[in-house]
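Topology and contacts: notes
As a plain string of letters, each chain reads:
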Amino acid sequence: KQWKRVLGIVLAWCALSSVCAMGAKGTETKLMASHIAVDTTVTKYGVSWYQPKEYVSYRIWVDNTTNNSMRVTITDPQGRLRTFSVPAHGNKSYVGNGVESGTYRLSFSSSNGVLSGTVRVRVSDVALS
């Protein structure tokens with residue numbers, strides 16, 4: 001009867017202990033670190049953020065509230081450009097994985113010059129999809 005009690009306590013401890021669970025699986029689980037680097041409105045002036053060294057990924061999300069498609073240009077710290085389009089009254093996300101540290105800049109344009117909407121950038125220390 002005593003051994004059942006001891007076994008019950010050990011099993012309960014293992015069920016609640018991540019150390020025991022990780023040891024049983026032989027793997028480690030790393031919690032993702034991320035934060036919102038940008039959360040603002042789209043303007044003709046664009047926006048920038050600093051990508052820290054330990055954050056290797058970003059996700060840009062743009063919501064376009066105009067009647068025309070919007071072109072978004074990403075300039076990385078080395079001056080390389082990437083672009084994507086956001087449809088009229090739509091939204092689009094763009095993911096960058098394995099990116100370098102430094103200042104990134106977003107610029108926005110449309111065929112008639114009208115810009116309206118929101119932009120958000122999340123940086124992460126793990127690859128995003």
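Please read these numbers as outputs of a predicted model, since none were measured by experiment. (Residues numbered from 1 in each chain as written. Predicted model: local features only at pLDDT ≥ 70, side-chain atom pairs only at ≥ 80, totals over all residues. Heavy atoms only, no water.)

1. Quick notes on the sheet that holds strand S8 (residues 117-124)
Definition in use: DSSP bridges decide pairing: two strands pair if at least two such bridges lie between them. Secondary structure is summarised from DSSP: a helix means a run of H or I of at least four residues, a strand means a run of E of at least two, and numbering begins at the N terminus for each. A fitted line through C-alpha atoms represents every axis, and for helices the fit uses only the stretch in contact; the resulting angles, taken between N-to-C directions, go from 0 to 180 degrees.
Taken together, four strands build an open sheet; the order of strands is S1-S8-S3-S6 and the sheet is antiparallel. The sheet terminates laterally at strand S1 (34-41) and strand S6 (91-97), the two strands that pair on one side only. Neighbour to neighbour, the strand axes of the sheet diverge by 15 degrees on average, direction disregarded. One ladder, built from eight bridges, connects strand S3 (residues 57-64) with S8; its direction is antiparallel. Residue Asn 64 lies in a different strand from S8, and its bridge partner there is Gly 117.

2. Structural notes on the nonpolar core
Threshold: Residues belong to a common nonpolar core when they are buried Ala, Val, Leu, Ile, Met, Phe, Trp, Tyr or Cys residues joined through side-chain atoms within 4.5 Å. For the exposure calls, accessible area comes from a 1.4 Å probe over protein chains only, and a residue counts as buried if that area is under 20% of its type's maximum, exposed if over 50%, partly exposed in between. In this description, contact between two residues means that some pair of their heavy atoms is separated by no more than 4.5 Å.
If you look at the biggest cluster of nonpolar residues, it comprises 21 residues, and the most contacted ones within it are Trp 49, Tyr 58, Ile 60, Val 62, Leu 106, Phe 108 and Val 119. Taken together, the elements giving at least two residues each to this core come down to strand S2 (47-51), S3, strand S4 (70-75), strand S5 (81-86), strand S7 (102-110) and S8. If we skip the residues at most four places from it in the chain, Phe 108 touches Val 42, Thr 43, Gly 46, Val 47, Val 62, Met 70, Arg 71, Val 72, Leu 115 and Val 119.

3. Observations regarding the sheet that holds S2
Strands sit in the order S2-S7-S4-S5 across an open sheet of four strands; the sheet is antiparallel. If you trace the sheet from one side to the other, it starts and ends with S2 and S5, each paired once. Here the strands of the sheet are splayed against their neighbours by 20 degrees on average, with no regard to which way each runs. Pairing analysis gives five bridges linking S2 to S7, with the strands arranged antiparallel. Note that in S7 the partner of Val 47 across the bridge is Leu 106.

4. Regarding the packing of aromatic side chains
This is how the line gets drawn: Paired rings are identified among Phe, Tyr and Trp, the last through its six-membered ring, by centres lying within 6.5 Å, and are further divided according to the angle between planes into stacked (under 30 degrees), edge-to-face (over 60) and tilted (the rest).
Going through the model one piece at a time under the given rule, you end up with four aromatic pairs. Among the aromatic side chains, those forming a connected cluster through ring pairs are Trp 49, Tyr 58 and Tyr 104.

5. Brief notes about the pattern of salt bridges
Rule in force here: By definition, a salt bridge exists where a carboxyl oxygen of Asp or Glu is found within 4 Å of a side-chain nitrogen of Lys or Arg.
Applying the stated criterion to the full structure yields four salt bridges. Here Asp 76 ties to Arg 80 by a salt bridge, and the two come within 2.7 Å at their closest N and O atoms. Of the charged contacts in the structure, one is a salt bridge between Glu 100 and Arg 80, with a shortest N-O distance of 2.5 Å. Pair noted here: Glu 100 is in the loop between S6 and S7 and Arg 80 is in the loop between S4 and S5, with a separation of 20 residues, a long-range link. Glu 100 sits in the partly exposed class, given a relative accessible area of 27%. When salt bridges with common partners are traced through the structure, they connect Asp 76, Arg 80, Arg 82 and Glu 100 into a single cluster.

So far we have only geometry, and geometry alone does not tell us how the molecule works.
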